[in-house]
Structures are given as structure tokens and as C-alpha cells.
Amino acid sequence: LDTISEFATQKRVETRLPFEIHYKDEATESETSAITTALNQWCIINDWERRIFGVFRNTIKYGDQFFIRDPETYKLIWVEPTDVSKAIVNESKGKEIDQYMIKNINLNLTDLVTTDTKKLNNMAGAGSTAFTTAPSTQAGVYQGGFSANNTEYAVDAAHVVHIALTDGMSANWPFGNSILDSIFKVYKQKEL
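What comes next is a walk through the structure. (Residues numbered from 1 in each chain as written. Predicted model: local features only at pLDDT ≥ 70, side-chain atom pairs only at ≥ 80, totals over all residues. Heavy atoms only, no water.)

It is worth spelling out the overall build of the chain at this point. From N to C terminus, the chain includes seven helices and seven strands. Element order for the chain, N to C, with α for helix and β for strand: α-α-α-β-β-β-β-α-α-β-α-β-β-α. By the burial criterion, 34% of the 192 residues in the chain qualify as buried. Considering only intrachain contacts with a sequence separation of at least 6, the fraction spanning at least 24 residues in the chain is 69%. (Helix = DSSP H or I, 4+ residues; strand = E, 2+ residues; numbered from the N terminus. Buried < 20%, exposed > 50% of the residue type's maximum accessible area, 1.4 Å probe, protein only. Contact = heavy atoms within 4.5 Å.)

Quick look at the structure:
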């Protein structure tokens, strides 16, 4: 996992950023400059130089990584994958995720990003489906901690960045699958 993550998260030589921009059409020099500047600022705000290796490694290990985007600063705040209990999907919009049910949210962030509960109650009968977290996402994750706040909040999907290893055609969708899922059974057999 470390070797895969190390090779996948190297900085680009030209931009000194961990991301590369590809344009569909020819971009003007001013557009390129503006987008590169914005990307550079976003990388600094979210400290991607330090965090990207861990985010990538945990994504391929567990299949999912969740962040709540602070609507004021655009900083991404990491969320423990086991704290995301459900994804509420609006099937009338073509399986678009509308909300995530998340536990243990910082109370200062709750007022900024949580969804109005009236919207949640109205959606319950209007062609929506709640998908719970996949068992593979929760396997082997440390669930300890000091937080006693187990209240779940409905967070609007517009404020959640969900990085997942999924093609949308697996039983765990909308949650991802670990790259280790295919060898887990064999590993357990060898361990015995």
C-alpha cells in the first residue's frame, strides 16, 4: 500500500502540485493562470503536500474517504469513515446522493453544513433510498475515541467530498471497495 501510494502521489515537476490539470479545449493563458493559482491556493488551504499520501493510502485500503467542506473557508475536514452511517440517494434525480448521515460532527461545523430536517422528512417518501455503509468499509477500522456525541446529522451532499473506489456497479454502491477485498479471505485462511 505504501509503495502504490508513494508512486501515485508524487508532485508534478512543472507545477510543484500533487494534481495535474487537463483541458478539454485549448485554454487561454489567462484561464490557465487563474486556474493554476486557484488550485495552488486550494492545495495550501487543505495542506495537500502533507495529507495526500495518507488520504490516497486510506482510500485504497478502506475504499472510502470522507471530508466535510467548510462553506466559509473551503477547507476539507476529514471524517472517520465509520461515522458515516448512510447515504440518502434521490432516485428521482438518477441515483444522485442528496445527503449523508454523519455522527460525531464538530458542533461549530454542524450549523454551517447540516441539512434542514424538514427536507429530510419530506424526502423519506419521495423516491429516496438510504444506503448504509458497506461492511468492508468498517472492517479493521479503530472505533475508539473520546467523543460521546453519537447524534447523527444529515449533511447536504454539496458539503461532502466523498472519495470512493467504485464504478457504480457494485453491491456496496455508493460506497467504495478496498483493493484488499479480493485477498482478504485468502489472508484469513493463511492466518489460521
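Additional details are given in the paragraphs that follow.
This part covers a nonpolar patch on the surface. A cluster of nonpolar side chains, contributed by I4, L165, I179, L180 and I183, occupies part of the molecular surface with about 380 Å² of accessible area. Summarising the element assignment, L180 is placed in the loop between β7 (160-164) and α7 (181-191). (Patch = residues over 30% accessible without salt bridge, like charges linked within 9 Å, V, L, I, M, F, W, Y side chains within 5 Å. Areas by Shrake-Rupley, 256 points an atom, 1.4 Å probe, with all protein chains shown as cover. Salt bridge = Lys/Arg side-chain N within 4 Å of Asp/Glu carboxyl O.)

One finds F66, V84, Y100 and I102 to be the most contacted residues of the largest nonpolar core, which totals 16 residues. Taken together, the elements giving at least two residues each to this core come down to β1 (64-69), β3 (84-90), β4 (96-103) and β6 (152-156). Counting residues in hydrophobic clusters, the runner-up holds eight residues, among them L39, I52, F67 and L76. (Core = buried A, V, L, I, M, F, W, Y, C linked by side-chain atoms within 4.5 Å.)

Tracing the chain through its elements places D98 in strand β4. Using a relative accessible area of 8% as the deciding quantity, one classes D98 as buried. Along the chain, D98 and A154 lie 56 residues apart, while their C-alpha atoms are 9.5 Å from each other.

Most of β3 sits out of view: six of its seven residues are buried. Bridge count between β3 and β4: six bridges; the pairing is antiparallel. Bridging across to β4, A87 finds its partner in Y100. (Pairing = 2+ DSSP bridges.)

Okay, the sheet that holds β1 next. What the three strands build is an open sheet, ordered β2-β1-β7; its pairing is antiparallel. The outermost strands of the open sheet, each flanked by one partner alone, are β2 (76-79) and β7. For this sheet the average axis-to-axis angle between neighbouring strands, irrespective of direction, equals 30°. Sheet analysis places β1 next to β7, joined by five bridges and oriented antiparallel. Considered in β7, the bridge of D64 is made with A164. The strands that helix α3 (residues 48-62) touches are β1, β2 and β7; relative to β1, the one it contacts most, it runs at about 135°. (Axes fitted to C-alpha atoms, helices over the stretch in contact; angles between N-to-C directions.)

If you trace the backbone, L1 turns up in the segment before α1 (2-8). If we skip the residues at most four places from it in the chain, L1 touches R57, I60, K61, I179 and L180.

Moving on to helix α2 (residues 29-45). Helix length check: α2, at 17 residues, gives a terminal C-alpha distance of 24 Å against a target of 24 Å (1.5 Å per residue), a fit within 8%. Positioned one or two residues after α2, D47 has a phi angle of 55°, which is positive. (Expected span 1.5 Å × (residues − 1).)

Before going further, it helps to examine the side chain of D83. Mapped onto the elements of the fold, D83 is located in the loop between β2 and β3. No salt bridge is formed by the buried D83. Its closest oppositely charged neighbour is K103, at 4.9 Å. Sequence-distant contacts of D83, defined by excluding residues within four places in its chain, comprise M101, I102, K103 and N104. (Lys, Arg positive; Asp, Glu negative; His and termini not counted.)

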